[in-house]
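Residues per chain, in single letters:
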Amino acid sequence: MYLFEINLPNLPVLKFGYSSNPSRRLNNQLGIAKGVQKQILRVIPMPSGKLAVKEETVVHKFVAERHHDLAVPKQVFGDQINTSGEIYYSKAEAILNQQMNDIAARYTGQAGSLKQEGTK
């Protein structure tokens, strides 16, 4: 599980999700323009991809149902990030971190790791 910060021009956003290689996901697969500052804020190892996908779905559903104003509509970020949705305004960070704390407690027995180094 990962939490990314992506500083689009005039729109800092967060991306929460799952990847077996978060660095590759952020730097290659999302199609973010060169020069856009981005970093991995947090990574939680998961015992399996199946469980990661399940947990990712639960978090996205939770945010959509209880904090729908935190989701950035696709038309706002457009083609700047190669994804169809599940991008959040920066003010969602505390909520997403709490969700990640809950996931980490269930699967790793810890609060997850904060990534010290970002990619800019």
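Refer to the structure above for everything that follows.
Conventions we followed
Residues numbered from 1 in each chain as written. Predicted model: local features only at pLDDT ≥ 70, side-chain atom pairs only at ≥ 80, totals over all residues. Heavy atoms only, no water. Helix = DSSP H or I, 4+ residues; strand = E, 2+ residues; numbered from the N terminus. Rg over C-alpha atoms; globule rule 2.2 N^0.38 Å. Buried < 20%, exposed > 50% of the residue type's maximum accessible area, 1.4 Å probe, protein only. Axes fitted to C-alpha atoms, helices over the stretch in contact; angles between N-to-C directions. Left-handed = near helix turned anticlockwise from the far one by under 90°. Contact = heavy atoms within 4.5 Å. Nonpolar A, V, L, I, M, F, W, Y, C, P; charged D, E, K, R; others polar. Phe/Tyr/Trp six-rings, centres within 6.5 Å; stacked < 30°, edge-to-face > 60°. Expected span 1.5 Å × (residues − 1). Arc of directions from axis to C-beta.

Student: Looking at this structure, how should I read the overall build of the protein?
Tutor: The secondary structure content of the protein amounts to four helices and five strands. Reading the secondary structure of the protein in the N-to-C direction produces β-β-α-β-α-α-β-α-β. For 120 residues, the compact-globule estimate of 2.2 N^0.38 gives 14 Å, and the protein sits close to it at 13 Å. Expressed along its principal axes, the backbone C-alpha trace of the protein runs to roughly 35 × 30 × 25 Å.

Student: Help me understand unusual backbone geometry, please; the structure alone is not making it clear to me.
Tutor: We note that N10 has phi near 65°; this positive angle belongs to a residue other than glycine. With respect to the helices, strands and loops of the structure, N10 is situated in the loop between strand 1 (2-8) and strand 2 (11-17). Here N10 falls in the exposed class, since its relative accessible area comes to 83%.

Student: I keep staring at the packing of helix 2 (residues 49-66) against helix 4 (residues 93-107) and nothing clicks. Help me out?
Tutor: Describing two packed helices takes the angle between their axes plus the distance from one axis to the other. Closest axis-to-axis distance for the helix 2/helix 4 pair is 11 Å, and the angle between their directions is 150°. Considering only the axes of helix 2 and helix 4, their crossing is right-handed. Each of L51, E55, V59, F62 and V63 in helix 2 lies in contact with helix 4, whose residues at this interface are I95, L96, Q99, I103, R106 and Y107. A class-by-class count of the residues in the contact of helix 2 with helix 4 yields eight nonpolar, one polar and two charged.

Student: It is not clear to me how the packing of aromatic side chains should be interpreted in this structure. Could you clarify?
Tutor: The description of an aromatic ring pair rests on the distance of the ring centres and on the angle between the ring planes. This model, assessed by the stated rule, comprises one aromatic pair. A centroid spacing of 3.9 Å and a plane angle of 5° characterise the contact between Y2 and F4, whose relative ring orientation is stacked. With respect to class, Y2 is no different from F4; both count as buried.

Student: I'm lost on helix 2 in this one. Help?
Tutor: Because an α-helix packs 3.6 residues into every turn, residues spaced three or four apart end up facing the same way. Compared with the 26 Å implied by 1.5 Å per residue over 18 residues, the 26 Å span of helix 2 between its first and last C-alpha is a close match. Its buried side turned inward, helix 2 meets strand 2, strand 4 (87-89) and helix 4.

Student: What exactly am I supposed to notice about helix 4 here?
Tutor: Taking 1.5 Å as the rise per residue, helix 4 with 15 residues should run 21 Å; its terminal C-alpha atoms sit 21 Å apart, in good agreement. Of the residues making up helix 4, those classed as buried are L96, N97, Q99, M100, I103 and A104. In a view along the axis of helix 4, the buried residues occupy a sector of 160°, so they form one face of it. Seen from the open side of helix 4, the exposed residues pointing more than 90 degrees away from its buried face are A94, A105 and R106.

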